[in-house]
Structure formats: structure tokens, C-alpha cells
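Summary of the model geometry
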Amino acid sequence: MRLQGLYGLALERLRECRSDNGIIRFPEVFSKLCTGFSIKKEECWELLFFFKDMGFIEIVCGHGVRVKG
């Protein structure tokens, strides 16, 4: 499944942040998404959990997120 619209754009912005081991640190995630979409950290968490529930990302406790695919 491919996301379109703002969800697709947010996922693409996460993909741009990939690090060497595939984990994007939370400060970078919040900086990229909160600043880019003018949302609060709580709203960003909701977006991240939505992506997790849809199977697009994995949340690595205490570290960050890993984009699948």
C-alpha cells in the first residue's frame, strides 16, 4: 500500500532522514515532522503510532524509528 497526500509526504520526509543503521533518532524525527508540518510533539507521536499500526515504521524504544521498505 502506498500513502498519498500529507501522510505520504510525512513518510517520505522520514525516509530522507535515514541513518547508517536505519534508526532515525527521535530528535531528528521531531525536528523534521514538527517543524515541517507545524505540529506539536504530541501530534507527531499520534502520526508515528498511525504509521506503526499501518506497518510503515517500527518504533525502537528509547532510540527512534526505523522505516520499513
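Heads up: the structure comes first, above all this text.
In short, a report on the structure.

So, on to the overall build of the protein. When you go through the protein residue by residue, the secondary structure sums to three helices and three strands. Reading the helices (α) and strands (β) of the protein from amino to carboxyl end gives α-β-α-α-β-β. Taken over C-alpha atoms, the radius of gyration comes to 11 Å for the protein, in line with the 11 Å a tight globule of 69 residues would show. Its C-alpha atoms give the protein principal-axis dimensions of roughly 30 × 25 × 20 Å. Per-residue burial over the protein gives 35% buried out of 69 residues.

Attention now moves to the pattern of salt bridges. Side chains bearing opposite charge may pair, as long as their charged atoms lie close to each other. Applying the stated rule across the entire model yields four salt bridges. Salt-bridge contacts for Glu-12 lead to Arg-15; the nearest nitrogen and oxygen are separated by 3.9 Å. Here the residue Glu-12 and the residue Arg-15 both occupy positions in helix H1 (residues 5-16), the gap between them amounting to three residues, near one helical turn. For Glu-12, a relative accessible area of 38% puts it in the partly exposed group. Where Lys-52 meets Asp-53, a salt bridge forms, and the shortest distance between an N and an O atom there is 3.9 Å. Of the residues examined, Lys-52 reaches a relative accessible area of 38% and is grouped as partly exposed. Under the relative-accessibility criterion, Asp-53 is labelled exposed at 60%.

When two helices pack together, their arrangement is captured by the angle between the axes and the distance separating the axes. Helix H3 (residues 41-54) packs onto helix H2 (residues 26-37) with a crossing angle of 100° between their chain directions and a minimal axis gap of 10 Å. In terms of orientation, H2 and H3 fall into the roughly perpendicular class. Contacts from Phe-26, Val-29, Phe-30, Leu-33 and Cys-34 in H2 reach Lys-41, Cys-44, Trp-45, Leu-47 and Leu-48 in H3. Of the residues in the contact of H2 with H3, the class split is nine nonpolar, no polar and one charged.

Reading the values: the criteria
- Residues numbered from 1 in each chain as written.
- Predicted model: local features only at pLDDT ≥ 70, side-chain atom pairs only at ≥ 80, totals over all residues.
- Heavy atoms only, no water.
- Helix = DSSP H or I, 4+ residues; strand = E, 2+ residues; numbered from the N terminus.
- Rg over C-alpha atoms; globule rule 2.2 N^0.38 Å.
- Buried < 20%, exposed > 50% of the residue type's maximum accessible area, 1.4 Å probe, protein only.
- Salt bridge = Lys/Arg side-chain N within 4 Å of Asp/Glu carboxyl O.
- Axes fitted to C-alpha atoms, helices over the stretch in contact; angles between N-to-C directions.
- Parallel < 35°, antiparallel > 145°, perpendicular 65-115°, else oblique.
- Contact = heavy atoms within 4.5 Å.
- Nonpolar A, V, L, I, M, F, W, Y, C, P; charged D, E, K, R; others polar.

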